[in-house]
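Working through the structure, step by step
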Amino acid sequence: MEKIRIRYFSDKIKRLEYIDGKSDWIDLRASETVELKAGEFYLIPLGVAMELPKGYEGHLMPRSSTFKNFGILQTNSCGIVDSSYCGDEDMWRMPVYATRDAVIHENDRICQFRIMKNQPTIVFEEVESLGNESRGGFGSTGTK
């Protein structure tokens, strides 16, 4: 089992918990109350710094209810936190854009993360043909 050392910046936010059997994503919370006007950008502090295991990175995504509840979008779509971001002051933050006026309260669950192994070193081999049948079209629609 991997171990993650974590530093909390606030005693007011609930501690992280892993709910085995429900999901392997872990919720993160706003560590301060944030008021945003439509069109504003803000880095919402999440109140934690972590030392991820070597060879791992954190993937940070909004919760499925974040847009519905708060009208905010994560501006980098998927945040990646590499294992070098592990200093005492390296608090995780969620970069957001407000589509409407919003108030995010301290302790609101606004995003989630999971850790993944880093991509292995790969080598690209250039070929004339992949030798596979073409699916045709774009994506799963099969239309061009």
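Our structure is the block above this text.
**Describing the overall build of the chain**
Along the chain, the regular secondary structure elements total one helix and eleven strands. For the chain, the sequential pattern of α-helices and β-strands runs β-β-β-β-β-β-α-β-β-β-β-β. Over its C-alpha trace the chain gives a radius of gyration of 19 Å, far above what one expects of a compact globule, namely 15 Å for 144 residues. By principal-axis analysis of the C-alpha atoms, the chain measures approximately 60 × 40 × 30 Å. Within the chain, buried positions represent 32% of all 144 residues. Sequence-distant contacts in the chain: of pairs separated by 6 or more residues, those separated by 24 or more amount to 75%. Accessible surface, the chain as shown: approximately 10,200 Å² in total, 49% of it carbon and sulfur. Between the averaged position of the 19 positive side-chain charges in the chain and that of its 22 negative side-chain charges there is a distance of 7 Å.

**As for unusual backbone geometry**
Phi angles above zero are rare outside glycine, and S77 is one such case at about 60 degrees. Checked against the element boundaries, S77 lands in the loop between strand 7 (72–74) and strand 8 (79–82). Given the relative accessible area of 52%, S77 is considered exposed. Of note in this structure, N107 is not a glycine but carries a positive phi near 85 degrees. Locating N107 in the fold gives a position in the loop between strand 10 (102–104) and strand 11 (109–117).

**Some words on the sheet that holds strand 2 (residues 26–29)**
Adjacent strands of a sheet pair through backbone hydrogen bonds, lying either parallel or antiparallel. The strand order across the open sheet built from four strands is 2-11-6-8, with neighbouring strands paired in antiparallel fashion. What marks the edges here is a single partner per strand, and that holds for strand 2 and strand 8. Taken over all neighbouring pairs, the strand axes of this sheet differ in orientation by 35 degrees on average, direction set aside. Pairing of strand 6 (residues 56–62) with strand 11 involves seven bridges; the strand directions are antiparallel. Along strand 11, the bridge assignment pairs Y56 with K117.

**Comments concerning the sheet that holds strand 4 (residues 41–45)**
Ordered by their spatial adjacency, three strands build an open sheet running 4-9-7, and the pairing between neighbours is antiparallel. Single-partner strands in this sheet number two, and they are strand 4 and strand 7. Here the strands of the sheet are splayed against their neighbours by 40 degrees on average, with no regard to which way each runs. As judged from the three bridges shared by strand 7 and strand 9 (residues 93–98), these two strands associate in the antiparallel manner. Residue pairing in the sheet places L73 in a bridge with Y97 of strand 9.

**Quick look at the pairing of strand 11**
Where strand 2 lies against strand 11, four bridges are found, and the strand directions are antiparallel. Bridge assignment links L28 to a residue of strand 11, and that residue is C111.

**Structural notes on the pairing of strand 6**
Here strand 6 lies mainly inside the structure; five of its seven residues are buried. As paired strands, strand 6 and strand 8 are joined by four bridges and run antiparallel to one another. Bridge pairing in strand 8 places E57 opposite D82.

About the thresholds
- Residues numbered from 1 in each chain as written.
- Predicted model: local features only at pLDDT ≥ 70, side-chain atom pairs only at ≥ 80, totals over all residues.
- Heavy atoms only, no water.
- Helix = DSSP H or I, 4+ residues; strand = E, 2+ residues; numbered from the N terminus.
- Rg over C-alpha atoms; globule rule 2.2 N^0.38 Å.
- Buried < 20%, exposed > 50% of the residue type's maximum accessible area, 1.4 Å probe, protein only.
- Contact = heavy atoms within 4.5 Å.
- Areas by Shrake-Rupley, 256 points an atom, 1.4 Å probe, with all protein chains shown as cover.
- Lys, Arg positive; Asp, Glu negative; His and termini not counted.
- Charge placed at Lys NZ, Arg CZ, Asp CG, Glu CD.
- Pairing = 2+ DSSP bridges.
- Axes fitted to C-alpha atoms, helices over the stretch in contact; angles between N-to-C directions.

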